[in-house]
Amino acid sequence: MRQTINDFEMNYEVAGYGPAVLLVHGFPHDHRLWRAQVDALAEDYWVITPDLRGFGESAAPPGPYTMDLMAEDLRGLLRELGIEQVILAGLSMGGYISFAFWRLYPNVVRALVLADTRAAPDNPEGKQNRLDMIQRVQSEGVEPIAEEMLPNVLSDRTLTENPDAVQQARRMMTDASVAGIVGALQGMIERPDSRPTLPTIAVPTLIMVGEEDTLTPPSEAEAMRDAILDEGAGGTTTRLVPKVRIVRIPGAGHLSPLENPDDFDEALREFLDEVTK
Ligand code: MLT
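The structure presented is a predicted model; accordingly, all values stated were derived computationally and were not measured. (Residues numbered from 1 in each chain as written. Predicted model: local features only at pLDDT ≥ 70, side-chain atom pairs only at ≥ 80, totals over all residues. Heavy atoms only, no water.)

Chemist: I would appreciate a short explanation of the nonpolar core in the present structure.
Modeler: One broad rule of soluble globular proteins: the nonpolar side chains tend to lie buried together. Counting 91 residues, the largest nonpolar core has F27, M93, I97, F101 and M208 as the members making the most contacts within it. Residue contributions to this core peak at seven residues, all from helix α3 (residues 93-104). With residues near it in sequence (within four places) discarded, F27 still touches F55, M93, M133, M149, I181, A184, L185 and M188. (Core = buried A, V, L, I, M, F, W, Y, C linked by side-chain atoms within 4.5 Å. Buried < 20%, exposed > 50% of the residue type's maximum accessible area, 1.4 Å probe, protein only. Helix = DSSP H or I, 4+ residues; strand = E, 2+ residues; numbered from the N terminus. Contact = heavy atoms within 4.5 Å.)

Chemist: How do you make sense of the pattern of salt bridges when you look at a structure like this?
Modeler: Opposite charge on two side chains makes pairing possible when the charged atoms of those side chains draw close. Within this structure, the stated rule accounts for 17 salt bridges. A salt bridge links R32 to D30; its shortest N-O distance comes to 2.8 Å. For D30, a relative accessible area of 2% corresponds to the buried category. Put simply, R32 and D175 hold a salt bridge, and the shortest N to O gap is 3.0 Å. (Salt bridge = Lys/Arg side-chain N within 4 Å of Asp/Glu carboxyl O.)

Chemist: Help me out: how do you make sense of the environment of R110 in this one?
Modeler: Examined against the element boundaries, R110 turns out to sit in strand β6 (residues 109-115). Distance from R110 to T200, taken between C-alpha atoms, is 14 Å for residues 90 residues apart in sequence. Dropping the residues within four chain positions of it, R110 is found in contact with P19, Q85, V86, I87, V203, P204, V275 and T276.

Chemist: How should the pairing of strand β7 (residues 205-210) be read in this particular structure?
Modeler: A regular strand places its side chains on the two faces of the sheet in alternate fashion. For β7, the buried fraction is high: six of the six residues fall into the buried class. Taking every second residue as pointing to the same face, both faces of β7 are buried, with T205, I207 and V209 on one and L206, M208 and G210 on the other. Where β6 and β7 come together, four bridges link them in parallel fashion. By the bridge assignment, V113 is partnered in β7 with L206. Where β7 meets strand β8 (residues 244-249), six bridges bridge the pair, whose relative direction is parallel. By the bridge assignment, I207 is partnered in β8 with I246. (Pairing = 2+ DSSP bridges.)

Chemist: Explain the packing of helix α4 (residues 124-140) against helix α5 (residues 143-153) to me, please; I cannot follow it from the model alone.
Modeler: The relative placement of two packed helices is expressed as an angle between their axes plus a distance between the axes. Running from N to C, α4 and α5 point in directions that differ by 130 degrees, and their axes come no closer than 8 Å. The orientation of α4 with respect to α5, classified from their angle, is oblique. Here M133, R136, V137 and E140 of α4 come into contact with α5, specifically with P144, I145, E148 and M149. In the contact of α4 with α5, the residues fall into five nonpolar, no polar and three charged. (Axes fitted to C-alpha atoms, helices over the stretch in contact; angles between N-to-C directions. Parallel < 35°, antiparallel > 145°, perpendicular 65-115°, else oblique. Nonpolar A, V, L, I, M, F, W, Y, C, P; charged D, E, K, R; others polar.)

Chemist: I keep staring at α3 and nothing clicks. Help me out?
Modeler: An α-helix turns once per 3.6 residues; consequently, residues spaced three or four apart project the same way. With twelve residues, α3 ought to run about 16 Å at 1.5 Å a step, and its terminal C-alpha atoms sit 17 Å apart, in line with that. Buried residues dominate α3, accounting for ten of its twelve residues. (Expected span 1.5 Å × (residues − 1).)

And the structure:
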């Protein structure tokens, strides 16, 4: 489906009926990242999978696509759909956007799922790598960059034993547009440090991470959990510490919902059932 949201045509898919769950893909992916989760959840949940600006079948206006801007796009989509509260799940860049969404619209968030993501901003080397990538994608196109990224985002097990997942990941990445990649890279370079946001999170949170994720490794996931649970973070006022769970997805790298959907879906389903019962 397509809808004009803010200043661009956004593509999104909806499936099922029940409590609303918004699944936000990472970089440079699109709504197809969540195909298995849509199938697993649609019987009991209203599952919404947008293509962020610049990706999938959404239009690609000029960047930068800041995390706040993409969070506002998601808020606009929810408004269009008449959704007042949502369970918000984001993978990697989708997680960065989820932090921005939480800062902007905490009352709209019923629970959070943070998959293969991190709260820290880019260090200087990371920013430089993104600037280099912008130059390369503008001169060489998307395919060489996508091929280089593939082995970094998938586990060895996926690469050797799961050709379907490799193909799906490759297709999403090579289908991405130059304008979308550039806009998102510019936005990620300037994204703020979300670590101070963690102790403000006051809703149930599920953190998921591929056991072999080298980009946002399990140690980052643990650090996020500890910061959310930091009871001292509220200063002298008593803080309502939310339920936080961390689940490691075996055999998966950075694209855990695609690489090991069975374990990912089981953990997600259990969490959703708990927070909506
Ligand atoms: C993603 O999967 O969204 C990217 O790894 C995020 C990033 O480049 O920081």
